[in-house]
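Geometric and topological summary
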Amino acid sequence: AQSVAQPEDQVNVAEGNPLTVKCTYSVSGNPYLFWYVQYPNRGLQFLLKYITGDNLVKGSYGFEAEFNKSQTSFHLKKPSALVSDSALYFCAVRGVAGDTGRRALTFGSGTRLQVQP
Amino acid sequence: EAGVVQSPRYKIIEKKQPVAFWCNPISGHNTLYWYRQNLGQGPELLIRYENEEAVDDSQLPKDRFSAERLKGVDSTLKIQPAELGDSAVYLCASSFDRGDRETQYFGPGTRLLVL
């Protein structure tokens, strides 16, 4: 079975400082990894994904994520946080093709990012 | 391009009453998903459609939940009868299946409160 762990319920960072939101995963075979952001009373918005290729993936709003196969991690990063980045962030994983049951995403429990002015 | 549309956005019902949610996916997207998100948790899959066929409904509580996707476009998720534990946000997502690398795009969700 595939799973995702987001070890921090909340991350606090000052505006202008770099931020990291942690994610580790477990899946058979090569993973497809995703980050989504959720603002209050809104659906999930896609930020970025890793399928294959470069371990550093760049996404929307200046976010990037680093895939580390040996540590089975996919941490979300941003060099300089904005107050408007405050939201709930979800990491998700999907297994490889050929297994109908694994096409759905398995999400972590989410990390609330609070950026203080 | 319009995103995934869901209605209603909010629904309050008493237990044992029926309720239905509607989803219109992004135009051209052949795969549609229904997820349930409980408070403080990540979304969990209820059912996945490829065109009009339900290909993964293993997590759908079939005694009270049903879903359909007529003509492979819009979809409806129904609960009958609703229970207190069904209070959650119901999210619809869609994707265009291209070699298994598709990105799922989510609608705003329907927040259900069962009293």
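Now for a look at the structure at hand. (Residues numbered from 1 in each chain as written. Chains lettered and ligands numbered in written order. Predicted model: local features only at pLDDT ≥ 70, side-chain atom pairs only at ≥ 80, totals over all residues. Heavy atoms only, no water.)

1. Brief notes about the overall build of chain B
- When helices and strands are counted, chain B shows zero helices and eleven strands.
- The N-to-C order of helical and strand elements in chain B reads β-β-β-β-β-β-β-β-β-β-β.
- Here the C-alpha coordinates of chain B stretch approximately 40 × 25 × 25 Å along the principal axes.
- Residue pairs in contact within chain B that sit at least 24 positions apart in sequence constitute 54% of those at least 6 positions apart.
- Of the roughly 5,800 Å² of accessible surface on chain B, 49% is carried by carbon and sulfur atoms.
- Where the 14 positive side-chain charges of chain B centre and where its 16 negative ones centre are 6 Å apart. (Helix = DSSP H or I, 4+ residues; strand = E, 2+ residues; numbered from the N terminus. Contact = heavy atoms within 4.5 Å. Areas by Shrake-Rupley, 256 points an atom, 1.4 Å probe, with all protein chains shown as cover. Lys, Arg positive; Asp, Glu negative; His and termini not counted. Charge placed at Lys NZ, Arg CZ, Asp CG, Glu CD.)

2. Section: the sheet that holds strand S1 (residues 5-7) of chain B
All names here are of chain B.
- Taken in spatial order, the four strands make up an open sheet running S1-S3-S8-S7, and their pairing is antiparallel. Two strands close off the open sheet at either side, each with one partner strand: S1 and strand S7 (65-68). Across the sheet, the axes of successive neighbouring strands diverge by a mean angle of 15°, strand direction being ignored.
- In terms of strand pairing, S7 meets strand S8 (residues 75-79) through four bridges, oriented antiparallel. Bridge pairing links Phe65 to Ile79 in S8. (Pairing = 2+ DSSP bridges. Axes fitted to C-alpha atoms, helices over the stretch in contact; angles between N-to-C directions.)

3. What about the environment of A:Tyr61?
Residue and element names in this part refer to chain A.
- Secondary-structure assignment places Tyr61 in the loop between strand S7 (56-58) and strand S8 (64-68).
- Looking at Tyr61, the relative accessible area reads 52%, which means it is exposed.
- Spatially, the C-alpha atoms of Tyr61 and Lys78 are 9.0 Å apart, while their sequence positions differ by 17 residues.
- Ignoring sequence-local partners within four residues, the contact set of Tyr61 consists of Gln45, Leu47 and Lys78. (Buried < 20%, exposed > 50% of the residue type's maximum accessible area, 1.4 Å probe, protein only.)

4. Quick notes on the state of the cysteines
- In the structure shown here, the tally under the stated rule is two disulfides over all chains.
- Two residues, A:Cys23 and A:Cys91, share a disulfide whose sulfurs are 2.0 Å apart. Of note, the bridge from A:Cys23 to A:Cys91 carries an S-S torsion of about -60° and is left-handed in sense. Placement of the pair is A:Cys23 in the loop between strand S3 (19-21) and strand S4 (24-26) and A:Cys91 in strand S10 (residues 87-94), with a sequence separation of 68 residues. Just as A:Cys23 is buried, A:Cys91 falls in that class too.
- Bridging B:Cys23 to B:Cys92, the disulfide has an S-S length of 1.9 Å. Where B:Cys23 bonds to B:Cys92 through sulfur, the torsion about that S-S bond is close to -70°, and the disulfide is left-handed. Highlighted residues: B:Cys23 in strand S3 (residues 19-24) and B:Cys92 in strand S9 (residues 88-95), separated in sequence by 69 residues. With respect to burial, B:Cys23 and B:Cys92 carry one shared label: buried. (Disulfide = S-S within 2.5 Å.)

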